[in-house]
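Chain and residue survey
As a plain string of letters, each chain reads:
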Amino acid sequence: QVQLVESGGGLVQPGGSLRLSCAASGSIFSSYDMGWYRQAPGKQRELVAIITITGRTNYLDSVKGRFTISRDSAKNTVYLQMNSLKPEDTAVYSCNARFAYRASLQIWGQGTQVTVSS
């Protein structure tokens, strides 16, 4: 079955950059929309960025111009490049795969912690 494993989280100073990776166990990008979510303490989980099976991307307004979602089909990996990081970006970031033809079929990674602090 499809499994997702995130990596790349850590501690970074404000204004710094991180690149998160989400490795899938199989070739899924032609069938699954891919997304990055985040959840900070005391807040609801929110969708940060998505890339659909057609390659269309969408972003949370607060990260537009700073974050970029991309994928490498040969490596079965989706990335989230995060630049100009702010303390309010601190959260657990999780990778999500959603079957494009049945939205109820979703797969989640275990999550990776991103902390932006001086």
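The structure this text deals with has already been given above.
Report on the accompanying structure. (Residues numbered from 1 in each chain as written. Predicted model: local features only at pLDDT ≥ 70, side-chain atom pairs only at ≥ 80, totals over all residues. Heavy atoms only, no water.)

A few words now on the pattern of salt bridges. Counted by the stated rule, this structure contains four salt bridges. A network of salt bridges, in which partner residues are shared, links R38, E46, R66 and D89. (Salt bridge = Lys/Arg side-chain N within 4 Å of Asp/Glu carboxyl O.)

To continue, consider the side chain of T52. Within the secondary structure, T52 is located in the loop between β5 (46-51) and β6 (57-59). A distance of 2.9 Å separates polar atoms of two side chains, one belonging to T52 and the other to T54. Those residues in contact with T52 that sit more than four places away from it in its chain are D33 and R71. (Helix = DSSP H or I, 4+ residues; strand = E, 2+ residues; numbered from the N terminus. Polar contact = N/O pair within 3.5 Å; in protein donor to acceptor, adjacent residues only side chain to side chain. Contact = heavy atoms within 4.5 Å.)

Here we come to the environment of L105. In this fold, L105 is placed in the loop between β9 (91-99) and β10 (106-108). Overall, L105 belongs to the partly exposed group, its relative accessible area being 31%. (Buried < 20%, exposed > 50% of the residue type's maximum accessible area, 1.4 Å probe, protein only.)

Our next topic: the sheet that holds strand β1 (residues 4-7). Sheet architecture is open: four strands sit in the order β1-β3-β8-β7, paired in antiparallel fashion. The open sheet has two edge strands with one neighbour each: β1 and β7 (67-72). Here the strands of the sheet are splayed against their neighbours by 15° on average, with no regard to which way each runs. With six bridges joining them, strand β3 (residues 18-24) and strand β8 (residues 77-82) adopt antiparallel strand pairing. Considered in β8, the bridge of A23 is made with T77. (Pairing = 2+ DSSP bridges. Axes fitted to C-alpha atoms, helices over the stretch in contact; angles between N-to-C directions.)

So, about the nonpolar core. Grouped together as the largest cluster of nonpolar side chains are 29 residues, with contacts concentrated most on L4, M34, W36, V78, L80, M82 and Y93. Counting residues per element, the ones that place at least two in this core are β3, β4 (32-39), β5, β7, β8, β9 and β11 (112-116). Sequence-distant contacts of M34, that is, excluding residues within four places in its chain, are made with L4, C22, I28, F29, A49, I50, I51, I69, V78, C95, N96 and A97. (Core = buried A, V, L, I, M, F, W, Y, C linked by side-chain atoms within 4.5 Å.)

Take the packing of aromatic side chains next. Scanning all chains against the criterion turns up three aromatic pairs. An angle of 55° between the planes, with centres 4.9 Å apart, marks the rings of Y37 and W108 as tilted. Separated by 71 residues along the polypeptide, Y37 in strand β4 and W108 in strand β10 bring together distant segments of the chain. One aromatic cluster in this structure is built from Y32, F99 and Y101. Here the basic side chain of R45 rests over the ring of Y37, its NZ or CZ set 6.0 Å away from the ring centre. (Phe/Tyr/Trp six-rings, centres within 6.5 Å; stacked < 30°, edge-to-face > 60°. Lys NZ or Arg CZ within 6 Å of the ring centre and 35° of its normal.)

It is worth spelling out the environment of V116 at this point. Along the chain, V116 falls in strand β11. Judged by relative accessible area, V116 falls into the buried class, the value being 4%. Separated by 35 residues in the primary sequence, V116 and Q81 place their C-alpha atoms 14 Å from one another. In contact with V116, not counting residues within four places along its chain, are V12, Q13, P14, L85, K86, P87, D89 and T90.

With respect to the helices and strands, S94 occurs in strand β9. On the basis of relative accessibility, which here comes to 11%, the residue S94 falls in the buried class.

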